[in-house]
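Here are the chains, one letter per residue:
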Amino acid sequence: GAVVSQHPSRVICKSGTSVKIECRSLDFQATTMFWYRQFPKKSLMLMATSNEGSKATYEQGVEKDKFLINHASLTLSTLTVTSAHPEDSSFYICSAGGISGNTIYFGEGSWLTVV
Amino acid sequence: GENVEQHPSTLSVQEGDSAVIKCTYSDSASNYFPWYKQELGKGPQLIIDIRSNVGEKKDQRIAVTLNKTAKHFSLHITETQPEDSAVYFCAASRPGGSYIPTFGRGTSLIVHP
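Attention here is on the structure that accompanies the text. (Residues numbered from 1 in each chain as written. Chains lettered and ligands numbered in written order. Predicted model: local features only at pLDDT ≥ 70, side-chain atom pairs only at ≥ 80, totals over all residues. Heavy atoms only, no water.)

## Focus: the overall build of chain A
Across its full length, chain A holds zero helices and eleven strands. Secondary structure of chain A in N-to-C order comes out as β-β-β-β-β-β-β-β-β-β-β. On C-alpha atoms alone, chain A measures out to a radius of gyration of 13 Å, which is about the 13 Å that the 2.2 N^0.38 rule sets for 115 residues. When its C-alpha atoms are laid out on the principal axes, chain A stretches across 40 × 25 × 20 Å. The buried share of chain A, taken over its 115 residues, is 51%. If you take every contact in chain A between residues at least 6 apart in sequence, the share linking residues at least 24 apart comes to 54%. For chain A, the exposed surface amounts to about 5600 Å²; the carbon and sulfur share of it is 52%. Positive and negative side-chain charges of chain A, numbering 10 and 9 respectively, have mean locations separated by a distance of 6 Å. (Helix = DSSP H or I, 4+ residues; strand = E, 2+ residues; numbered from the N terminus. Rg over C-alpha atoms; globule rule 2.2 N^0.38 Å. Buried < 20%, exposed > 50% of the residue type's maximum accessible area, 1.4 Å probe, protein only. Contact = heavy atoms within 4.5 Å. Areas by Shrake-Rupley, 256 points an atom, 1.4 Å probe, with all protein chains shown as cover. Lys, Arg positive; Asp, Glu negative; His and termini not counted. Charge placed at Lys NZ, Arg CZ, Asp CG, Glu CD.)

Here it is as structure tokens:
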């Protein structure tokens, strides 16, 4: 299957700082990328959908000024958590689609810990 | 919008037994139904998918069945092995450019050796 790479896999940052997570589609052009947040033993919570070259569409309740999403190319999307707080600590996962029909592939996820 | 229900939330089986996870969906326009396996601390991996023009698809020990009339689809794992232990998610999505999939809440499968 297609490969989606996410970096970093783990990051620890201080409260009040910003952290950026990258999501890359390695062997296909991703017309659409999705960002999810997952709490322990919980399902995937969609945060936003981004299409290359346009603004991301955020789900209800997700602060767009806090979770900045950029999809500047067909192979790269970034999620920046601004002014991070301990409650932002979570597992963030990206996924990408664009190969065939509506199949999407997930990255490996990024563990964010805010101390 | 679409609503996907997944059952059971937890499934415990003995090694070698079969496991079945069921999902129902509400949007009759949905035409694509993937299944993902998520191991602890990792991102979900696509393991099998089915489109609405077929009723069953099989890949070695895993199979998926789809009943469009009843709006439900199921994942079947035969001869389960301890490495099958993971959380499994079903999803449903519509055709078209905006194909945001709707996920079920997940099933934690535990295969006891």
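Alright, that's what it looks like, and here's the rest.
## Some words on the sheet that holds strand β1 (residues 4–7) of chain B
For sheets, the rule is that strands pair by backbone hydrogen bonds, running either parallel or antiparallel. Residue and element names in this part refer to chain B. Pairing is antiparallel in the open sheet, where five strands are placed in the order β1-β3-β8-β7-β6. The sheet terminates laterally at β1 and β6 (56–59), the two strands that pair on one side only. This sheet shows a mean twist of 15° between the axes of neighbouring strands, independent of strand direction. As defined by bridge partners, β6 adjoins strand β7 (residues 62–67) across four bridges and the pair is classed as antiparallel. Residue pairing across strands places Lys57 opposite Val64, the latter belonging to β7. (Pairing = 2+ DSSP bridges. Axes fitted to C-alpha atoms, helices over the stretch in contact; angles between N-to-C directions.)

## Looking at the nonpolar core
Among the nonpolar cores identified, the biggest contains 26 residues, and Leu79 and Leu112 of chain A are the most heavily contacted of them. Counting residues in each nonpolar core, the second largest holds 23 residues, with Ala19, Cys23, Phe73 and Leu75 of chain B among its members. (Core = buried A, V, L, I, M, F, W, Y, C linked by side-chain atoms within 4.5 Å.)

## Concerning the interface of chain A and chain B
Taken together, the contact pairs 24 residues of chain A with 22 residues of chain B. Each partner contributes to the roughly 1600 Å² buried at the junction of chain A and chain B, and carbon and sulfur atoms together form 57% of this total. Where chain A packs against chain B, one counts zero salt bridges. Counting across the interface, chain A meets chain B through six residue pairs in polar contact (both at pLDDT 80 or more). (Buried area = accessible area lost by both parts, 1.4 Å probe. Salt bridge = Lys/Arg side-chain N within 4 Å of Asp/Glu carboxyl O. Polar contact = N/O pair within 3.5 Å; in protein donor to acceptor, adjacent residues only side chain to side chain.)

Scope: geometric values only; no functional claims are made or implied.
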